[in-house]
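# Topology and contacts: notes
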Amino acid sequence: MTETQSTATTPRPAAEVAALPRAVFRPRGTGRGTWAMGSLFEHLLTAEESDGTLGVALVTQPPGIATPLHRHHREAEAFFLLDGTMTYRAGDEVFHLTEGDFIWLPPMLPHAFRITGDRPVRFLGLADPGHIFGLYDEVGLPALELRLPGADGRPMADEIPRWNAVGPRYGLEVVGPPLPVDA
């Protein structure tokens, strides 16, 4: 090191320090929970925390849950299945996912899934950009605990009209029925 070099740094102004990127760390079991679709969505990274670039949730869903065939006008989605089995239709293809499988869905690709087997599934859901997870907050309820809802959840008959009203604001378009049980 020469005489003119220094290891000291000039402190940054507080406003500049506040503007620096920050890591988001979520210890196990500390994400905010939402009950929607008879399921638990544990928010691990929100769109607000990622400046709108990514949303991540740990999702637990009971057997038999099925989404209608739908597409997202803005979001790409990805799912990494941790536990359980599910059938996924993406466009004209049908995939049977088991633990450790991954699927990515670009925006506008019609897709639907059904939880199969006799136990709940757990998967890591990712959305780019991450705003779609706000939809679950609007149609569902804050989870009282990080578990599947029981009688304390919202009945699907009450939830479906909320999906139809709120979904278009999030670019969600229903284009067909759910997958049949034997898909």
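Residues numbered from 1 in each chain as written. Predicted model: local features only at pLDDT ≥ 70, side-chain atom pairs only at ≥ 80, totals over all residues. Heavy atoms only, no water.

### Here's the deal with the environment of Leu44
Mapped onto the fold, Leu44 is located in strand β2 (residues 39-45). Among the residues examined, Leu44 registers a relative accessible area of 23% and is labelled partly exposed. With 13 residues separating them along the chain, Leu44 and Ala57 place their C-alpha atoms 5.2 Å apart. Not counting chain neighbours up to four residues away, the residues in contact with Leu44 comprise Val24, Arg26, Glu49, Val56, Ala57, Leu58 and Leu124. (Helix = DSSP H or I, 4+ residues; strand = E, 2+ residues; numbered from the N terminus. Buried < 20%, exposed > 50% of the residue type's maximum accessible area, 1.4 Å probe, protein only. Contact = heavy atoms within 4.5 Å.)

### Let's talk about the layout of surface pockets
Looking at the largest pocket, its volume works out to about 540 Å³. Lining the largest pocket are 31 residues; nearest its centre among them are Met37, Thr67, Pro68, Trp163 and Leu172. Listing elements by their share of the lining of the largest pocket, those giving two or more residues are β3 (55-61), β4 (68-72), β5 (76-83), β9 (111-116), β10 (121-128), α2 (133-139), α3 (156-166) and β12 (172-178). Looking at the lining of the largest pocket element by element, the count peaks at four residues for α3. Its residues assigned to classes, the lining of the largest pocket comprises 21 nonpolar, eight polar and two charged. (1 Å grid on protein atoms, 1.4 Å probe; cavity = no way out; pocket = protein on both sides within 12 Å on 5 of 7 lines; lining within 4 Å. Points joined across faces, edges and corners; volume = space filled by probe spheres on them. Nonpolar A, V, L, I, M, F, W, Y, C, P; charged D, E, K, R; others polar.)

### Comments concerning unusual backbone geometry
Of the consecutive residues Asp128 and Pro129, the connecting peptide bond is found in the cis state with omega at -5°. Not every positive phi belongs to a glycine, and Asp51 is a case in point at roughly 55°. By secondary structure assignment, the location of Asp51 is in the loop between β2 and β3. The backbone phi angle of Met108 is positive, close to 75°, even though this residue is not glycine. Its place among the elements puts Met108 in the loop between β8 (102-105) and β9.

### Quick look at the pattern of salt bridges
Per the counting criterion, the structure on display carries eight salt bridges. A salt bridge links Arg26 to Glu49; the nearest nitrogen and oxygen atoms lie 2.7 Å apart. Of this pair, Arg26 sits in the loop between α1 (14-18) and β1 (32-36) while Glu49 sits in the loop between β2 and β3, and the two are 23 residues apart along the sequence. We classify Arg26 as partly exposed; its relative accessible area is 25%. (Salt bridge = Lys/Arg side-chain N within 4 Å of Asp/Glu carboxyl O.)

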